[in-house]
Amino acid sequence: METHSQILDRLRSAFRSGITVPEAFRQAQLKQLMSLMTENEDQILDAMKKDLAKPKFESVIAEVDMVINELHFTIANLNSWMQPEYVSKNLATKLDDCFVRREPLGVVLIIGPWNYPLQLLLSPLIAAIGAGNCAILKPSEVSAATDALVAELIPKYMSQDCYAVVRGAAEETKALLKNRFDHIFYTGSQAVARHILHAAADHLTPVTLELGGKCPCLIYGKVNITYAARRLAWSKFFNTGQSCVAPDFLVCSKATRDALLPALRQTLEDFYSKEPESSADLPRIVSPRHWTRLMELLKRSKGKVVMGGESNEENKYIAPTVLVDVAEDDALMEEEIFGPFLPILTAETLEEAIALINRQEKPLALYVFSEESSVVNTVLEKSSSGGFCSNDGIIHMALPTLPFGGVGASGFGSYHGRWGFETLSHQRAVMLRGWTLERLNGLRYPPLHRGQAELAALDHLCQTQLLTHVM
Ligand code: NAD
């Protein structure tokens, strides 16, 4: 079996040969990835079923279609993204060609999580291919069926000189990270992100961190409670709450909470029936370890369970669960829940609610439900988050023209569409000068001893015309 450094040598020498640079190569590889997706859809859906008991529709929209749409968008726009971007010039550079050239970085390491095991591995790969890089994929070992499928399919469809899959858990990943990469694109938890940053520091490798956190949802002002309950429940319990952009907790007034609870109860019954354990539309918790973590979190919470709370260790089931009377220092508020618990906190005014969310780390997404645009705009202006969506959840990340990424503790760097292409490209500043205007250059050559008046005139010229006035 090839060692990590042998794999890297193979990819690096392919990169150095320049094979990944022409657009035709990138387009061909993107089309190969499209074939991988379309020719193996059934196998992909089977793997998702094995890993998380995902219903087919969830896998189709959140995994297969997300990747295919990203491919279509990149294939259609790559040519324009690759064009040099000419910039405005000042008088001193008027006769030069000045532009930004997007260049590939080299070999990119993409480390994926288990919750959307295909989308979160292949979307960064699309950005890497589009930007002309080679890439190593490290799928999550926790989603074992998808991990095995990716390792089988990537070498079948993609250039083996340029793309490879390395499998393994924490120890293998740590060993892999001892090697030098040109960029590390990591999606996962904040805890592991610290190890990634330490490893990257040894080689001064640039990093993109796509992390999680506690995404708040606020409901204030006039609101259609039935619609709010359905949209909130869908985005919270999609993939059984195992989404980095799932609303983590809800903040609203006591009156809104009391109006919302019956609507939420009805919604959960409509979505998953009176016996959610037998519903085919509710994925399972990914592993016994994650199930135990969640159940311990629930046990430690001082909140009152008003819906759900049932669980079954044997099939890793946890019911969609809603809790009220949850304090800011409750166990459920200590860490990202990443499961089907919705704690409801109350704050009587919008200002108090905003203060509450601003006491937390900056989240990956922030949601506000209100029919009043003043409420939506106030939250938008007075908070910070990776992404923001009003009157719905999760859905903003499906639009490839918006950047997807965190801020502060929820990560840095972004991708999707052009944003991923930019993240995995170097923006090289290019100035192509000719041989004219040598008399003008004479102004900067020694000897530099000049009289006060001449200096003042030169200074004035530089400030008013030569170096400013970009046009
Ligand atoms: P994780 O951090 O445990 O694992 C992610 C990857 O890191 C896996 O491939 C794993 O093998 C590897 N890994 C684990 N321990 C490691 C170590 N010590 N050194 C090096 N690599 C190691 O994350 P997870 O449990 O798979 O995913 C859940 C987390 O990911 C949540 O916090 C969630 O919010 C976040 N997430 C973020 C996004 C996003 O786009 N921002 C998307 C999905 C998930």
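Conventions used here
Residues numbered from 1 in each chain as written. Predicted model: local features only at pLDDT ≥ 70, side-chain atom pairs only at ≥ 80, totals over all residues. Heavy atoms only, no water. UniProt positions renumbered as here; feature names shortened; annotations may be inferred. Helix = DSSP H or I, 4+ residues; strand = E, 2+ residues; numbered from the N terminus. Buried < 20%, exposed > 50% of the residue type's maximum accessible area, 1.4 Å probe, protein only. Contact = heavy atoms within 4.5 Å. Areas by Shrake-Rupley, 256 points an atom, 1.4 Å probe, with all protein chains shown as cover. 1 Å grid on protein atoms, 1.4 Å probe; cavity = no way out; pocket = protein on both sides within 12 Å on 5 of 7 lines; lining within 4 Å. Polar contact = N/O pair within 3.5 Å; in protein donor to acceptor, adjacent residues only side chain to side chain. Pairing = 2+ DSSP bridges. Right-handed = clockwise from strand over helix to strand, strands pointing away. Near = heavy atom within 4 Å. Sits in = over half its atoms within 2 Å of the grid points. Axes fitted to C-alpha atoms, helices over the stretch in contact; angles between N-to-C directions. Salt bridge = Lys/Arg side-chain N within 4 Å of Asp/Glu carboxyl O. Points joined across faces, edges and corners; volume = space filled by probe spheres on them. Nonpolar A, V, L, I, M, F, W, Y, C, P; charged D, E, K, R; others polar.

The name that an unreviewed UniProt entry assigns to the chain is Aldehyde dehydrogenase, with the source organism given as Gymnodraco acuticeps. Database annotation for the chain, UniProt heading Sequence similarities (unreviewed entry): "Belongs to the aldehyde dehydrogenase family."

Turning our attention to the overall build of the chain. Counting its regular elements, the chain contains 16 helices and 18 strands. When its C-alpha atoms are laid out on the principal axes, the chain stretches across 85 × 60 × 40 Å. Within the chain, buried positions represent 54% of all 471 residues. Partitioning the intrachain contacts of the chain with sequence separation of at least 6 by distance along the chain shows that 72% fall at a separation of at least 24. Counting only carbon and sulfur atoms, one obtains 55% of the accessible surface of the chain, whose full area is about 21,400 Å².

Our focus in this paragraph is the UniProt feature "active site" (unreviewed entry) in the chain. According to UniProt, the feature "active site" (unreviewed entry) maps to Glu210 and Cys244 in the numbering used here. Spatial clustering of the annotated residues is evident: they stretch over 35 residues in sequence, but the largest pairwise C-alpha distance comes to 9.2 Å. Considering only the annotated residues already named, the ones lining the largest pocket are Glu210 and Cys244. Positionally, glutamate 210 belongs in strand β7 (residues 207–210). Once residues within four sequence positions are removed from consideration, glutamate 210 is found in contact with Phe185, Tyr186, Thr187, Gly188, Phe404, Gly405, Ser410, Gly413, Ser414 and Tyr415. Structurally, cysteine 244 is set in the loop between α9 (225–237) and β9 (247–252).

Tracing the sequence through the fold places threonine 321 in strand β13 (residues 321–324). Look at threonine 321 and you get buried, because its relative accessible area is 0%. Among the polar contacts made by the side chain of threonine 321, one reaches the main-chain amide nitrogen of glycine 309 at a distance of 2.8 Å. In this structure, threonine 321 is in contact with Phe237, Leu298, Val305, Met307, Gly308, Gly309, Pro340, Phe341 and Leu342, ignoring residues within four places of it in sequence.

Before going further, it helps to examine the pairing of strand β3 (residues 107–111). The side chains of a regular strand alternate, first on one face of the sheet and then on the other. Counting buried positions along β3 yields five of five residues, so the element is predominantly enclosed. Both faces of β3 are covered, namely the face carrying Val107, Leu109 and Ile111 and the face carrying Val108 and Ile110. Relative to strand β4 (residues 134–138), β3 runs parallel, the two being bridged by five bridges. When the sheet's bridge partners are listed, valine 108 is paired in β4 with alanine 135. Considered for its hand, the β-α-β crossover made up of β3, helix α5 (residues 119–130) and β4 is right-handed. When β3 meets strand β6 (residues 183–187), the two strands line up parallel, connected through four bridges.

Another point: the site of the ligand. Neighbouring the ligand are 28 residues, the closest being Gly112, Glu141, Tyr186, Leu211 and Glu336. In this structure, an oxygen atom belonging to the ligand sits 2.8 Å away from a side-chain N or O atom of lysine 138. Measuring from an oxygen atom of the ligand, one finds a backbone N or O atom of glycine 188 at 3.2 Å. Here the ligand has 840 Å² of accessible area as a free molecule, and 91% of this is covered by the chains. At a threshold of 2 Å from the grid points, most atoms of the ligand map onto the largest pocket. Those elements giving two or more residues to the shell around the ligand turn out to be α7 (170–176), β6 and α8 (190–203). For the shell around the ligand, the leading source of residues is α7, giving three residues.

Our focus in this paragraph is the environment of serine 279. Position of serine 279 relative to the elements: it lies in the loop between α10 (254–272) and α11 (288–300). According to the relative accessible area criterion, serine 279 is buried, its value standing at 13%. The spacing of serine 279 and tyrosine 220 is 59 residues in sequence and 32 Å in space, taken between C-alpha atoms.

Attention now moves to the sheet that holds β3. Read from one edge of the open sheet, six strands run β5-β4-β3-β6-β7-β17, paired in mixed fashion. On the outer flanks of this sheet lie β5 (163–165) and β17 (411–412), each paired with one strand and no other. Each of β3, β4 and β5 touches helix α1 (residues 4–17); the most contacted strand, β4, lies at about 150 degrees to it. Against the sheet, α5 engages β3, β4, β5 and β6, with an angle of about 170 degrees to β4.

A few words on the pattern of salt bridges. Tallying each qualifying case throughout the model produces 23 salt bridges. When the shortest N-O distance is used, the salt bridge between arginine 101 and glutamate 103 registers 2.5 Å. A residue is classified by how much of its surface remains accessible, and glutamate 103, at 12% relative accessible area, is buried. Within this structure, Glu85, Arg102, Arg418 and Glu422 form a network of salt bridges that share partners.

What the largest pocket holds in volume is close to 1,200 Å³. Those elements that place two or more of their residues in the lining of the largest pocket are α7, β6, α8 and α11. Among the elements that make up the lining of the largest pocket, the one with the highest residue count is α8 (five residues). The residue inventory of the lining of the largest pocket, partitioned by class, reads 20 nonpolar, 14 polar and twelve charged. Forming the boundary of the second largest pocket are 19 residues, of which Ala92, Arg433, Leu440, Asn441 and Arg444 lie nearest the centre. Of the residues in the lining of the second largest pocket, the class split is ten nonpolar, four polar and five charged.

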